[in-house]
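Fold and geometry: a report
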Amino acid sequence: MEFHFDLKKDRKFDVVGFGTNAVDYLISVPEYPQFDSKIELTDYNWFAGGEIATTMTGLQRLGLKTAYAGRFGDDNAGDFGIQTLKDEGIDCRYAEQIKGAKTQIAFIIIDERNGERTVIWKRDEALSFAPDETVETIATDGAVLHFTPHDLEACIKLAEIGRAAGTIISIDVDRVTNGIEALLRNVDLLVCSKEFASEITSRDEPRDALVEIQKTFGSPFVGITLGEKGSLSLYRERIIETKGYQVPGGCKDTTGAGDSFRSGLLFGLLSGWSVEDSCRAANAVAALKCRSIGARTALPSRFELDAMLLEG
């Protein structure tokens, strides 16, 4: 089945990402510690992460042209974070460092038995965007605008501008917040967690939740990520169930797997692939990412993605 979106071919970028970046401090432990206990860590590292920054990195490595719009602190972490995007070739004309602000950080505990992680994060309020602080061309410079709803009112403004200009609007959302419904009505591709889908619809069955989301908000494509089980999607009126891929060498870290899923999905869409093949690409990119510690470390090249898809 083909996507029926009218992708604008005259834009500066394939995708513009608006939203979160972070510096992640990753702590590997033999097993997740019990409450009121002590455990010796195996290793620790720091890497660049953040939902939107990671998705743009994944798309850039797959050969697409991307830009990142977001805010960093003017600290060492901010210097590091923005430089990692520039090193990937991501356009940072809409990125800025805010004087006196601290870059968003996350402390991530990784259970070595299965690579599952627990995230403890903090975002400085000074990094937030008010609606009048956004540059409107963020919404029209790319064929796709992809964002997280951390700055809700700013996202609503950009989504409305983008839609009016024919931009495809894509959202990465994992929690229900006050007023989120107004934003969801302006989204073309909505990919969320199983928990979000259940909470926003009061439906426990994922298929029922997908149908309810599409009926309520009108997004042509709605998807739910299911971890190692793959994903479940609804495009127009057709349910698409896509199996997950085995992580080569075993799962080392699931940090950023959902962000990587979005990279694969948007890559398939922009490459003219079918809905089914785009969903397979999404699951494959997510699996390949899990090969190493860190949200972006093992994001694949186009060659690596094609190889996994050929293997089935």
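The following refers to the structure shown. Every chain's residues receive numbers from 1 upward, in the order its sequence appears when written. A pLDDT threshold of at least 70 governs which residues receive local features in this predicted model, and a stricter bar of 80 or more applies before side-chain atom pairs are shown or counted, although totals over entire chains, interfaces and linings include all residues. Heavy atoms from the whole structure form the basis of all side-chain values; hydrogens and water molecules are not counted.

1. Description of the environment of Leu-190
Let me state the cut-off plainly: A run of DSSP states H or I qualifies as a helix once it reaches four residues; a run of E qualifies as a strand once it reaches two. Both are numbered from the N-terminal end.
Inspection of the secondary structure assignment puts Leu-190 in strand 10 (residues 189-193). Taking C-alpha positions, Leu-190 is 15 Å from Glu-160, a pair spaced 30 residues apart along the chain.

2. Some details on the side chain of Asp-141
Defined as follows: Exposure classes here rest on a 1.4 Å probe applied to the protein chains alone. A residue is buried below 20% of its type maximum, exposed above 50%, and partly exposed in between. The charge count includes Lys and Arg as positive and Asp and Glu as negative, but it does not include His or the ends of the chains. Any Lys or Arg side-chain nitrogen found within 4 Å of a carboxyl oxygen on Asp or Glu counts as a salt bridge. N or O atoms closer than or at 3.5 Å make up a polar contact, with two conditions inside protein: a donor-capable atom paired with an acceptor-capable one, and, for residues adjacent in sequence, both atoms drawn from side chains.
Topologically, Asp-141 is positioned in the loop between strand 7 (117-122) and strand 8 (142-147). An unpaired buried charge is present at Asp-141: no salt bridge exists, and Lys-12, the closest side chain of opposite charge, is 4.1 Å distant. Side chain to side chain, Asp-141 and Tyr-94 meet in a polar contact 2.7 Å long.

3. Here we look at the packing of aromatic side chains
The following threshold applies: Centre distance within 6.5 Å is the pairing criterion for rings of Phe, Tyr and Trp, where only the six-membered ring of Trp is used; planes under 30 degrees apart are then read as stacked, over 60 as edge-to-face, and the remainder as tilted. Criterion for a charge above a ring: Arg CZ or Lys NZ at most 6 Å from the ring centre, at most 35 degrees from the ring normal.
Under the definition given, this model contains 10 aromatic pairs. For the ring pair Phe-3 and Phe-221, a centre distance of 6.1 Å and an interplane angle of 55 degrees mean the geometry is tilted. Of the two residues, Phe-3 sits in the segment before strand 1 (13-18) while Phe-221 sits in strand 11 (residues 221-225), which places them 218 residues apart along the sequence. Plain terms: the ring middles of Tyr-68 and Phe-72 are 6.0 Å apart, the flat faces sit at 65 degrees to each other, and that makes the pair edge-to-face. Given the relative accessible area of 1%, Phe-72 is considered buried. The ring centre of Phe-129 lies 4.0 Å from the NZ or CZ of Arg-71, which sits over that ring.

4. What about the sheet that holds strand 10?
Formally: Any two strands with at least two DSSP-identified bridges between them are counted as paired. Geometry is summarised by axes, namely lines fitted to C-alpha atoms with helices restricted to the contacting stretch, and by angles between N-to-C directions that run from 0 to 180 degrees. Whether two residues touch is decided by their heavy atoms; if any such pair falls within 4.5 Å, the residues are in contact.
If you trace the nine strands from one edge of the open sheet to the other, you get 5-4-1-8-9-10-11-12-13, paired in mixed fashion. With partners counted over all chains shown, the strands left at the sheet margins are strand 5 (91-98) and strand 13 (238-242), one partner each. Each strand of the sheet is rotated relative to its neighbour by a mean of 15 degrees, with strand direction disregarded. Pairing of strand 8 with strand 9 (residues 168-173), which is carried by four bridges, proceeds in the parallel orientation. Within strand 9, the residue paired with Val-144 across the bridge is Ile-168. The strands touched by helix 3 (residues 152-164) within the sheet are strand 1, strand 8 and strand 9, with strand 8 carrying the most contacts at an inclination of about 160 degrees. Docked against the sheet, helix 5 (residues 194-201) engages strand 9, strand 10 and strand 11, running at close to 105 degrees with respect to strand 10.

5. Focus on the pattern of salt bridges
Enumeration over the complete set of coordinates arrives at 17 salt bridges. Ionic pairing is found between Arg-113 and Glu-31, a salt bridge with its closest N-O pair at 3.8 Å. Residue Arg-113 is located in the loop between strand 6 (105-111) and strand 7, and its partner Glu-31 is located in the loop between strand 2 (22-29) and strand 3 (43-49); the two are separated by 82 residues in the primary sequence. Its relative accessible area of 59% is what places Arg-113 among the exposed residues. Among the ionic contacts, a cluster of salt bridges with common partners joins Glu-31, Asp-111 and Arg-113.

6. So, the sheet that holds strand 7
With mixed pairing, the four strands of this open sheet are ordered in space as 3-2-6-7. With partners counted over all chains shown, the strands left at the sheet margins are strand 3 and strand 7, one partner each. Direction aside, neighbouring strands of the sheet carry axes that sit 20 degrees apart on average. Where strand 2 lies against strand 3, seven bridges are found, and the strand directions are antiparallel. Across the sheet, residue Ile-27 finds its bridge partner in strand 3, namely Tyr-44.

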